[in-house]
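# Structure at a glance
Listed below are the residues making up each chain.
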Amino acid sequence: MAIRSEVEGYDAFCNLIEELQTQDKPVYLYFCGSKKADGKSWCPDCVKASPVVEKAVEEAENIHFVYVGVGDRDVWKDPKCPFRTDKHLQLKSVPTLIVWGRPEKVEDTECSNPDLVSVLFKLS
């Protein structure tokens, strides 16, 4: 079973990842456009990918899964967005799914592909 966390914004992400680096479980990070009042992301690709990623998380064992809201559309589109400029992340698109500390990632519309998401979850 996966342990789940959810954070909003870069500062909250940094605080959580610092804490999680000391554990022995792989940390899966799912970066999405932040959720609106209706509970859905402003990002249509994130909305489409979420059921695929959720299914993979439900089947995963012994991982920590973190949903990271990157901010609203204007924050994300800013070239100086810290999620884009952080040397450990360098995100180019949302959604993006990574395993912390590994180079592999699934980005953008790839996150809607169950086969690609499944391969990433088998790396841990």
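Further up the page is the structure itself.
Remember, it's a predicted structure, so these values are computed and weren't measured experimentally.

Attention now goes to the nonpolar core. Ranked by internal contacts, the top residues of the largest apolar core, which has 40 residues, are Phe13, Leu29, Phe31, Phe65, Phe83, Leu97 and Phe121. Mapped onto this core, the elements with two or more residues apiece are helix H1 (10-20), strand E2 (27-32), helix H2 (44-59), strand E3 (64-69), strand E4 (96-99) and helix H5 (114-121). If we skip the residues at most four places from it in the chain, Phe83 touches Gly9, Tyr10, Phe13, Phe31, Val68, Gly69, Val70, Trp76, Leu89, Gln90 and Leu91.

What follows is about the environment of Pro95. Here Pro95 shows up in the loop between helix H4 (82-85) and E4. The spatial distance from the C-alpha of Pro95 to the C-alpha of Thr109 is 7.6 Å, given a sequence separation of 14 residues.

A few words on H1. When H1 is considered as a whole, its buried residues turn out to be Phe13, Leu16, Ile17 and Leu20. When H1 is viewed along its axis, its buried side chains cluster within an angular range of 100° and face the same direction. Exposed residues on H1 whose side chains face more than 90 degrees from its buried face are Asp11, Asn15, Glu18 and Glu19. At its buried positions, H1 is contacted by strand E1 (3-8), E2, E3 and H4.

Our focus in this paragraph is the pattern of salt bridges. The full count for this structure, using the stated rule, is four salt bridges. For the salt bridge of Lys35 with Glu6, the shortest nitrogen-to-oxygen distance reads 3.4 Å. Of this pair, Lys35 sits in the loop between E2 and H2 while Glu6 sits in strand E1, and the two are 29 residues apart along the sequence. A relative accessible area of 39% places Lys35 in the partly exposed class. When its relative accessible area of 52% is taken as the criterion, Glu6 is described as exposed. A salt bridge links Lys55 to Glu59, with the nearest nitrogen and oxygen atoms 2.7 Å apart. In this pair, Lys55 and Glu59 are both assigned in helix H2, four residues apart and thus about one turn of the helix distant.

Rules used throughout
- Residues numbered from 1 in each chain as written.
- Predicted model: local features only at pLDDT ≥ 70, side-chain atom pairs only at ≥ 80, totals over all residues.
- Heavy atoms only, no water.
- Core = buried A, V, L, I, M, F, W, Y, C linked by side-chain atoms within 4.5 Å.
- Buried < 20%, exposed > 50% of the residue type's maximum accessible area, 1.4 Å probe, protein only.
- Helix = DSSP H or I, 4+ residues; strand = E, 2+ residues; numbered from the N terminus.
- Contact = heavy atoms within 4.5 Å.
- Arc of directions from axis to C-beta.
- Salt bridge = Lys/Arg side-chain N within 4 Å of Asp/Glu carboxyl O.

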